[in-house]
Amino acid sequence: GHAFGKCHGACAKDEASSDGFCNGNTDWENKFTSGLELKWTITPTTWTNMYFQNMFNFNWTNVTSPAGAIQFVPEGENVPDIGMLTTDLALGFGDAEYAKLSREYADNLDVLPKDFGK
């Protein structure tokens, strides 16, 4: 799902038609959303704590999405095709309490489903 899976946006808002679709196509893959295009893990449909592990295991650099939005990708060569949003990185690096929880989730898979798997 989208909670730990993927975000998508087929085009920039100014390229979408009045009904919110892009390029004249009316399937869900061509629906304008946020303009951000990334997946958080290499297994976006599998329940893991990889989202939190990725947050701390990589250095992140900002890039522009296909629709012109700012998002982040891991620095370096041979890195996985994953990304983070500003809000994601804020969980790990913007506030001490959220960073503590994020590290706990990264380090201990048993805690994550206890808090969110209900």
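The structure contained in this document is the topic of the report that follows.

Calculation rules
- Residues numbered from 1 in each chain as written.
- Predicted model: local features only at pLDDT ≥ 70, side-chain atom pairs only at ≥ 80, totals over all residues.
- Heavy atoms only, no water.
- Helix = DSSP H or I, 4+ residues; strand = E, 2+ residues; numbered from the N terminus.
- Buried < 20%, exposed > 50% of the residue type's maximum accessible area, 1.4 Å probe, protein only.
- Contact = heavy atoms within 4.5 Å.
- Pairing = 2+ DSSP bridges.
- Phe/Tyr/Trp six-rings, centres within 6.5 Å; stacked < 30°, edge-to-face > 60°.
- Patch = residues over 30% accessible without salt bridge, like charges linked within 9 Å, V, L, I, M, F, W, Y side chains within 5 Å.
- Areas by Shrake-Rupley, 256 points an atom, 1.4 Å probe, with all protein chains shown as cover.
- Salt bridge = Lys/Arg side-chain N within 4 Å of Asp/Glu carboxyl O.

**Comments concerning the overall build of the protein chain**
Reasoning step 1: When its secondary structure is counted, the protein chain shows four helices and four strands.
Reasoning step 2: Counting helices and strands in the order they occur from the N terminus, the protein chain gives β-β-α-β-β-α-α-α.
Reasoning step 3: Here the protein chain, with 118 residues, has 36% of them falling under the buried criterion.
Reasoning step 4: Intrachain contacts of the protein chain at a sequence separation of at least 6 include 56% that bridge at least 24 residues.

**Considering the environment of Asn-54**
Reasoning step 1: Mapped onto the elements, Asn-54 comes out in helix H1 (residues 50-57).
Reasoning step 2: When the C-alpha positions of Asn-54 and Ile-82 are compared, they lie 8.7 Å apart, and in sequence the two are 28 residues distant.
Reasoning step 3: Dropping the residues within four chain positions of it, Asn-54 is found in contact with Trp-40, Thr-41, Trp-60, Ile-82 and Met-84.

**Details of the pairing of strand S4 (residues 70-74)**
Reasoning step 1: Summarising the sheet, strand S3 (residues 60-64) and S4 pair through five bridges and their orientation is antiparallel. Counted as the bridge partner of Val-63 is Gln-71 from S4.
Reasoning step 2: Once S3 ends, the chain turns through five residues before running back antiparallel as S4, passing Gly-68 with a positive phi of about 95 degrees.

**A closer look at the environment of Phe-58**
Reasoning step 1: Its location among the elements puts Phe-58 in the loop between H1 and S3.
Reasoning step 2: Along the sequence, Phe-58 and Glu-75 sit 17 residues apart, while their C-alpha atoms lie 7.0 Å from each other.

**As for the packing of aromatic side chains**
Reasoning step 1: Using the criterion set out here, one finds five aromatic pairs in the structure.
Reasoning step 2: Aromatic pair Phe-56 and Phe-93: ring centres 5.5 Å apart, planes at 70 degrees, arrangement edge-to-face. Taken together, the residues span a long stretch of sequence, with Phe-56 in helix H1 and Phe-93 in helix H2 (residues 86-93) at a distance of 37 residues.
Reasoning step 3: Since its relative accessible area comes to 51%, Phe-93 is described here as exposed.
Reasoning step 4: Three or more aromatic residues joined by ring pairs make a cluster, and in this case those are Trp-40, Tyr-51, Phe-52 and Tyr-105.

**Points about a nonpolar patch on the surface**
Reasoning step 1: Side chains of Trp-47, Leu-109 and Phe-116 sit close together on the surface and give an oily, nonpolar patch of about 320 Å² of accessible area.
Reasoning step 2: Secondary-structure assignment places Trp-47 in the loop between strand S2 (38-39) and H1.
Reasoning step 3: Residue class for Trp-47 comes out partly exposed when judged on its relative accessible area of 42%.

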